[in-house]
Amino acid sequence: MSAPLLSVKELHTHFSVRVSKGLFGERRPLRAVDGVSFDLAAGETLGVVGESGCGKSTLGRSILRLIEPTGGEVLWQGSDLMHVDRHTMRNHRRDIQIIFQDPLASLDPRMTIGEIIAEPLKTFERSLNKTQLRDRVRAMMDKVGLLPQMINRYPHEFSGGQCQRIGIARAMIVEPRLIVCDEPVSALDVSIQAQIINLLMDLQRDYGLALIFISHDLSVVRHIGHRIMVLYLGQAMEVAERDALFDRPLHPYTQALISAVPLPDPDKERAKQRIMLSGDLPSPLDPPSGCVFRTRCPKATDLCAQSRPSLDDRGGNQSVACHYV
Amino acid sequence: MTAVLDIDDLNIRFSTPEGTVNAVNGLSLSVSAGESVGIVGESGSGKSQVFLSTMGLLAKNGRAKGSTRFHGEELLGLKADRLNAIRGVRMAMIFQDPMTSLNPYLRISRQMTEVLMEHKGLSRAEARSRSIRMLERVGIPEAAKRVDMYPHEFSGGMRQRVMIAMALLCEPDLIIADEPTTALDVTIQAQILDLLSELRGDTNSAVVLITHDLGVVAGLCDRVVVMYAGRVVETGLVRDIFYSPRHPYTVGLLESIPRLEGDGEGGAEHPRLKAIDGQPPNLQSEIAGCAFAPRCPRVEERCQQERPDLIGLDNGHACACHKVGPT
Ligand SMILES: Nc1ncnc2c1ncn2[C@@H]1O[C@H](COP(=O)(O)OP(=O)(O)OP(=O)(O)O)[C@@H](O)[C@H]1O
Ligand code: SF4
Ligand code: SF4
Ligand SMILES: [Mg+2]
């Protein structure tokens, strides 16, 4: 296999959170991302799934250093992004773009969409003159399914799906190699969601883009992902090829997560056996010892409280962190 | 079957500085005793407003016209004291955000017992023990202790359970649940859905379930109402809607969902989703013909001018489309 485009090794992003009030209030570490590793090839999509507080968004932002990781390595085409100087980092930022969940909130309301989409070009391709800029923006608008004549309109005049297209156009205009997509379709209606998923997949095919697709929606991730990583309290529980993960999930959490999704098919949904997890997600400020999943795991034993299982390859490129797989 | 709720030719208009919003247009539907009806449709299609108006909870700039009867009694324009005797007692609403119906400053015990004392004439002690039993019923551990906690002391999933307990307290004939699990994580959502279907088994309440999640509808509902631009475009038994949808919007909606079971095409190649092109119409202007026409793959000339009526097909299946008639 060729060298990965992106290689993340033992990434940690810990926050220090004040848990009691006052100047000398007690602080505790919150391990939002707690030793996550993966490789990503050009043209590949890694789907990242998990429930709230599992560290999905922090992981995405840490890769771009929008949040500073506290440990580990992020190798971009072999160079460690954690230790590069600002200038080099800025150039890498051109290659790695990000789009967010709330399309409207991530767009400056006082700028026209033409200005919004052109903005990254002004940073990265300063030599372009006004006409060239406008041509590039119009071409990109066309590519993402926005009418180029809307170039002078403002974000509030657009629907959620269109705002997401604007965000994608802004990310794509500098021809990145990787886009981190943080819940890009979660705020959209199903019919519009499908348009945006298709658009991202088309762009991937046409430009050989790599994607990190973060979502709580397992069906969407199954559709778009090549490989899938399941996170729980900042740690990877299972990483596998898409079909292996969905058809033969090995980790007890992955199994429960998949079985919890309501299927839009009355007969299947009513016949289905659900693996019910009892209780709530533990607080990330006070994660369980040993295996972080043990407080809700139907298979937990004493060993699970004592030692943290490592993420090991179980054959066929399927890695699982569980003592009993 | 007797109708618990009967909505007839409902229109809801909002006046805004930019003009009138025609949120709900000539909508009719009814809900029978004990039945569970799913309401689905695009964001902004009017799902919530229909039932907020039932509860007398429309925003100040909103006006409802037409008729909404609860056990035959007209609710629109009903006097406040009469409405209060029905609302929260004989019909209750569950929201996406539990804090919409919980008072953050009062203990749960106080919020629950007051309703029972006022509307069911129970003594404080009776009301308290009934409240505890109800909390146990919805799966709150150590209910006798937790009944005296404040809403913020519960986790998200537990708070949702508390709100469901409050809604069920007076054994209402009608429960309206507006996206009750949308804000929850899927493993917690599974717990709440389980609870809701269990409760459905042993109460006789009719349930209206408003949701954008077709999986939730598939699991819980007897009947489905599909809305588009403030109108019912299709309605029918849950299996008819999922397995033999007739309206082009319903067909498109079902085809556009990515499937967890896989796309059945196998291989490493990802098939494209069948998206519905375009976007929902602006409700600020009157729509002359079929509101779905700009996005409809089957559109023809008369769709632009003539509005299709909701026509009965069979088995309570009905559809509003010029291209679909009884077979
Ligand atoms: N107070 C208001 N003033 C003006 N317009 C309003 C007001 N409340 C609702 N609307 C409009 O009424 C229409 C129907 O809204 P409604 O909340 O019923 O949609 P919905 O189907 O429940 O959508 P969602 O799936 O997003 O919850 C929308 O176009 C909405 O913008
Ligand atoms: S290590 Fe133990 S607690 Fe963790 S998933 Fe495996 S069986 Fe469950
Ligand atoms: S009436 Fe015409 S436009 Fe409307 S759904 Fe039917 S075919 Fe499509
Ligand atoms: Mg709503």
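Residue numbers run consecutively from 1 along every chain, following the written order of its sequence. Naming scheme: in the order in which they are written, chains are lettered from A and ligands are numbered from 1. Note on the predicted model: pLDDT of at least 70 is required for a residue's local features to be given, and 80 or more for side-chain atom pairs to be given and counted; whole-chain, interface and lining totals, by contrast, use all residues. Hydrogens and waters are ignored; side-chain quantities use all the structure's heavy atoms.

**Points about unusual backbone geometry**
- Phi at E175(A) takes a positive value of approximately 50°, unusual for a residue other than glycine.
- The numbering of helices and of strands both runs from the N terminus, where a helix is a DSSP run of H or I of at least 4 residues and a strand a run of E of at least 2. Position of E175(A) relative to the elements: it lies in the loop between α5 (160–172) and β7 (178–182).
- At N315(B), a residue that is not glycine, the phi angle is positive and equals roughly 55°.
- When you line up the elements, N315(B) lands in the loop between β11 (311–312) and β12 (318–319).
- To sort residues, take the accessible area from a 1.4 Å probe on protein chains only and compare it with the maximum for the residue type: under 20% means buried, over 50% means exposed, and anything in between is partly exposed. The exposed category is assigned to N315(B), whose relative accessible area is 57%.

**A look at the packing of helix α6 (residues 156–168) of chain B against helix α7 (residues 186–202) of chain B**
Residue and element names in this part refer to chain B.
- Think of each axis as a best-fit line through the C-alpha atoms, taken over the contacting stretch in the case of a helix, with angles from 0 to 180 degrees between the N-to-C directions. Contact geometry for α6 and α7: axes closest at 10 Å, N-to-C directions at 15°. Considered as vectors, α6 and α7 are oriented roughly parallel to each other. The way α6 lies across α7 gives a crossing that is right-handed. Facing G157, Q160, R161, I164 and L168 of α6, the residues of α7 in contact are I188, Q191, I192, L195, L196 and L199. Angles below 35 degrees are treated as roughly parallel, those above 145 as roughly antiparallel, those between 65 and 115 as roughly perpendicular, and all remaining angles as oblique. Crossing handedness: left-handed means the near helix sits turned counterclockwise from the far one by under a right angle, and right-handed means the same turn made clockwise. We call two residues in contact when some of their heavy atoms are within 4.5 Å.

**Topic: the sheet that holds strand β1 (residues 6–18) of chain A**
Residues and elements named next belong to chain A.
- Strand order in the open sheet made by the 4 strands is β2-β1-β4-β5, with antiparallel pairing throughout. Edge positions in the sheet fall to β2 (27–40) and β5 (79–80), since each of these pairs with one other strand and no more.
- At least two DSSP bridges between two strands are required for those strands to pair. Bridge analysis of strand β4 (residues 71–76) against β5 gives 2 bridges, and the strand direction is antiparallel. Counterpart to L75 in the pairing with β5 is D80.
- Of the strands in this sheet, β1, β2 and β4 touch helix α1 (residues 56–63), which is tilted by about 115° from β1.

**Things to note about the nonpolar core**
- One finds I39(B), F51(B), L135(B), I164(B) and L174(B) to be the most contacted residues of the largest nonpolar core, which totals 101 residues.
- The dominant element in this core, judged by the number of residues it contributes, is α6(B), at 8 residues. For this analysis, a nonpolar core means a set of buried residues of the types Ala, Val, Leu, Ile, Met, Phe, Trp, Tyr and Cys, connected via side-chain atoms within 4.5 Å.

**Observations regarding the domain arrangement of chain A**
Residues and elements named next belong to chain A.
- Domain delimitation in this document rests on an assignment produced automatically or drawn from a domain database. The domain architecture assigned to chain A consists of domain 1 (6–19 + 26–95 + 177–320) and domain 2 (110–175).
- Computed from C-alpha atoms alone, the centre-to-centre distance between domain 1 and domain 2 is 30 Å.
- Listed as interface residues are 16 residues of domain 1 and, on the opposing side, 15 residues of domain 2.
- Once two parts are joined, some of their accessible surface, as seen by a 1.4 Å probe, is lost; buried area is that loss totalled over both. A combined buried area of about 1500 Å² lies between domain 1 and domain 2, and 65% of that area is made up of carbon and sulfur atoms.
- On the domain 1 side of the interface with domain 2, the three residues burying the most area are R90, R94 and L199, jointly 40% of the side's total.
- Each salt bridge in this description consists of a side-chain nitrogen of Lys or Arg and a carboxyl oxygen of Asp or Glu lying within 4 Å of one another. Joining domain 1 to domain 2, the criterion identifies 2 salt bridges.
- Between K143 and D206 there is a salt bridge; the shortest N-O distance is 3.0 Å.

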